[in-house]
Amino acid sequence: MAVQQAQQTKSQYRILPVDQLKRLGDHKYASEGRSVIDRWLQGFWNYVVELMPLWLAPNLITWVGLCVNICCNLVLVAYNPGMEEGVTVPPAVYVACAAGLWLYQTLDNIDGKQARRTGTATPLGELFDHGCDSFSTIIVIVGLLTMLQVGTSYAGFATAMLACTLYYVSHWECYVKGRLRFNEVDVTEAQYLIIVGFILTALFSESIWAIEIVGIQLRWVYLASSCAIAIITGFGFLNSILEGGPGPDGTTIAETSVLSPLMPLFAMLMGINHMQSYSCYEEMPTVFLLGAGCTTAKLTCKLIVAHMSASKLDQFDVVHLVPVVFMMTEFTGLSPTHRAMLCIAFWAIDLVMYGVCVVLDLCDYLDIGCFYIKPKKSS
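It should be emphasised that the depicted structure is a prediction, and the values quoted were computed from it without experimental measurement. (Residues numbered from 1 in each chain as written. Predicted model: local features only at pLDDT ≥ 70, side-chain atom pairs only at ≥ 80, totals over all residues. Heavy atoms only, no water.)

J.: How would you summarise the overall build of the chain if you had to cite specific residues and measurements?
T.: From N to C terminus, the chain includes 14 helices and four strands. Against the 2.2 N^0.38 benchmark of 21 Å for 379 residues, the chain shows a C-alpha radius of gyration of 21 Å, consistent with a compact globule. The principal-axis extents of the C-alpha atoms in the chain amount to approximately 70 × 55 × 40 Å. Within the span of the chain, comprising 379 residues, buried residues form 52% of the whole. Of the contacts made within the chain by residues no fewer than 6 positions apart, 83% connect residues no fewer than 24 positions apart. Within the structure as shown, the chain displays about 17,300 Å² of accessible surface, and the carbon and sulfur contribution to it stands at 67%. (Helix = DSSP H or I, 4+ residues; strand = E, 2+ residues; numbered from the N terminus. Rg over C-alpha atoms; globule rule 2.2 N^0.38 Å. Buried < 20%, exposed > 50% of the residue type's maximum accessible area, 1.4 Å probe, protein only. Contact = heavy atoms within 4.5 Å. Areas by Shrake-Rupley, 256 points an atom, 1.4 Å probe, with all protein chains shown as cover.)

Here it is in structure tokens:
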């Protein structure tokens, strides 16, 4: 009744049309599979969620974990914004990054349990959870690259874009199949591998990554093995995508081509890759990667919304214009770094505005709060 009243009193929303909001409101979460560590930790997560008070909103749990994770990694980046080799960071910072990622990972896995426990499970929870994960991906990867001190190497840039692409592709498969699939080795295993890296660095300093194995520094072995696993996982997703979805003639759940999510990401990656070739990346690699991660996070969020609402995915977004504007403003006399800073600021603001508008639209439509549990109204 309350939802119907909210829908009747507001016909115009900030960013999402009413028909899409209706399909979002009707969405039911579906997933299959659990990774190895996920199965091991279920008992621990069930214990932790019982410690949470019943008035605590599930999305607030997710948000607290994300904020802690962001803050810890930004402190690390502040000590070595150029990801340069030879820079010494206090061990306590690496311990904080490990603890922050562990806390985020734990809270991220109990928010859904808290929602079911409090009877507040809604499509907003899934959207909010996965939206936070899309930005957390680049934050954690930048922290990892800073720990490994990869500098401005193209390998570091490619690793960051690979991580963002993999997360996008996982939801691409979800858009095609209508359910989220977890592999035997998945994001939880990757997070714990990074936590181990932070702890090793805190114990033995950054010099541990300079140790050579058959003539190759450990930092590159760590990075290459991680990328290899990511690529193998990505090919698994692509194979599933190409098998087709449940729509007519093997189309997606929105009855669109299974390849429709390709162009938005591909065009953006090409633009980011071209911007990376300028001096702006050499002067501020961590800031550039964080900005680029905002664009892929927004595109991923739009894909998640398209999946949850079984809607056609937009092939163009305003973020696609940013690399074009960057290239066309060379005549202004601004340096590549100054122009890149403006682009990065736009990317970040655009992501925040999109996320806030989508959340507020869904909250208004469902007549719920994002960070608090509304008392149930009597009929």
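Alright, that's what it looks like, and here's the rest.
J.: Could you give an account of the side chain of Thr 118, naming the residues involved and the relevant values?
T.: Examined against the element boundaries, Thr 118 turns out to sit in helix α5 (residues 91-118). Given a relative accessible area of 17%, Thr 118 falls into the buried group. From its side chain, Thr 118 meets the backbone oxygen of Gln 114 in a polar contact 2.8 Å long. In terms of polar contacts, Thr 118 uses its side chain to reach the side chain of Thr 120, at 2.7 Å. Other than its neighbours up to four places away in sequence, Thr 118 contacts Leu 54, Pro 58 and Ile 373. (Polar contact = N/O pair within 3.5 Å; in protein donor to acceptor, adjacent residues only side chain to side chain.)

J.: Describe the nonpolar core, listing the residues and the values that go with them.
T.: The biggest cluster of nonpolar side chains holds 94 residues, and the ones touching the most others in it are Leu 289 and Trp 347. Counting residues per element, this core draws most heavily on helix α6 (residues 123-148), at 14 residues. Setting aside chain neighbours within four positions, we find Leu 289 in contact with Met 83, Ile 138, Val 142, Leu 145, Phe 157, Ala 160, Met 161 and Tyr 281. Counting residues in hydrophobic clusters, the runner-up holds 10 residues, among them Trp 45, Leu 56, Ile 61 and Ile 110. (Core = buried A, V, L, I, M, F, W, Y, C linked by side-chain atoms within 4.5 Å.)

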